[in-house]
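Tertiary structure, described
Here is what each chain is made of, one letter per residue.
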Amino acid sequence: MNGQGFYAPLHVPPQIRAFDSETRQLGVGKSGKNGLLQVGLRLDSGKTVLAEAYSEIPLHVQRVLRCGDPLAYLYMVSASGGILQGDRYRIDISMGRDSRAHITTQGATRIYGMDSNCATQVVNVRLEEGAYLELVPDQIIPYRDSRFYQETSLDVHGESTMVYSEMVAPGRVGMGESFEYDACCLRMTARDQHGAYRMIDSACMEPKKRTMSGFGVMGGYGIVGTVYVLTPARYVPEICEKVNSILADSEVFGGATIARDDAGLLVRMLGNRTEQMRDAVFGVVGAVRERVIGVPFSEIRKS
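Residues numbered from 1 in each chain as written. Predicted model: local features only at pLDDT ≥ 70, side-chain atom pairs only at ≥ 80, totals over all residues. Heavy atoms only, no water.

Counted according to the given criterion, the structure contains 22 salt bridges. Where Asp-69 meets Arg-289, a salt bridge forms, and the shortest distance between an N and an O atom there is 3.7 Å. Taken together, the positions of Asp-69 in the loop between strand E3 (59-61) and strand E4 (72-78) and Arg-289 in helix H3 (residues 274-293) put the pair 220 residues apart, joining distant regions of the chain. Judged by its relative accessible area of 17%, Asp-69 falls in the buried class. Counted as one network, the salt bridges with shared partners bring together Arg-144, Arg-172, Glu-177 and Glu-180. (Salt bridge = Lys/Arg side-chain N within 4 Å of Asp/Glu carboxyl O. Helix = DSSP H or I, 4+ residues; strand = E, 2+ residues; numbered from the N terminus. Buried < 20%, exposed > 50% of the residue type's maximum accessible area, 1.4 Å probe, protein only.)

Encoded structure:
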């Protein structure tokens, strides 16, 4: 695929490869098209600190914020207004032993309309023993005629906990756009410290080829959200029960299922408003946080 190398995903689906053409503007691999963010968090004197930070435009990470609990809070920031055709982004996050953090974005990930090529983002996360991470970005908004693929690889120690969420909106609904993008494909692979698979999940939405509102697809809903919970097996059944109880009382339609060998949880949700979905995601994150580290959830401010 055009733009192979350090920034390129390994498993590009055919729905995205079909758009691998030369860009008509700034080409793949040019300055500003390859965004890189590498973050390393470590425990230092009882606090989680940002030990390593390297970025290439347009990606950047802000300094650690404290909210009165043991977690370090970080924003991932883009100097660009969104992701453009030919963009190749890569985000690497590593968590040292017993470190704790909540990482989010400064806002929604906007995928701009494209007349050539596509855009990809690779996310690699590694957690050492005892680490705890909540990676909760805002929603992905695919604009009309956009093509986007995100490949996420989670390497999480069996005695660590990670909560990772994805949320995809139908488009710029306020501008009259809903399910008018070409393709939005997501792939998540989770392994333990020995390289054994814990969970694999993938989805590829092509609304111009298949009606998204139909039965068995979105069923009349507009927003799809997924939360992956990787935590020690002893916590999994209790968290699953709690999450399903939370979702039953929420405004979204969804549920949690346990992965093989209690390797983790997959939570899928459907809704029609971003605020509803965000509240449901935070409910899942809060249930995990309270059970695993005994700390109540506190949302990081974005305005």
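One number sums up the size of the largest pocket: a volume of about 440 Å³. Along the walls of the largest pocket sit 31 residues, with Met-76, Ile-91, Thr-105, Thr-109 and Gln-121 positioned nearest its centre. Here the element with the most residues in the lining of the largest pocket is strand E12 (residues 161-168); it accounts for four residues. Here the residues of the lining of the largest pocket sort into 16 nonpolar, 12 polar and three charged. Considered as a void within the structure, the second largest pocket measures approximately 360 Å³ in volume. Lining the second largest pocket are 20 residues, with Ala-203, Cys-204, Met-205, Met-212 and Val-224 positioned closest to its centre. Breaking the lining of the second largest pocket down by element, the ones donating at least two residues are E12, strand E13 (183-191), strand E14 (197-205) and strand E15 (223-230). Examining the composition of the lining of the second largest pocket, we find that five residues originate from one element, E14, more than from any other. (1 Å grid on protein atoms, 1.4 Å probe; cavity = no way out; pocket = protein on both sides within 12 Å on 5 of 7 lines; lining within 4 Å. Points joined across faces, edges and corners; volume = space filled by probe spheres on them. Nonpolar A, V, L, I, M, F, W, Y, C, P; charged D, E, K, R; others polar.)

For the rest of this paragraph, the subject is helix H2 (residues 236-248). With 13 residues, H2 extends 18 Å between its outermost C-alpha atoms, agreeing within 8% with the 18 Å of an ideal straight helix rising 1.5 Å per residue. Restricting attention to buried positions, one finds in H2 the residues Val-236, Ile-239, Cys-240, Val-243 and Leu-247. End-on view of H2: buried residues confined to an arc of 100°, all on one side of the axis. Exposed and facing more than 90 degrees away from the buried side of H2 are Glu-241 and Ala-248. Summarising the contacts, the buried residues of H2 are in contact with strand E16 (253-258), strand E17 (265-271) and H3. (Expected span 1.5 Å × (residues − 1). Arc of directions from axis to C-beta. Contact = heavy atoms within 4.5 Å.)

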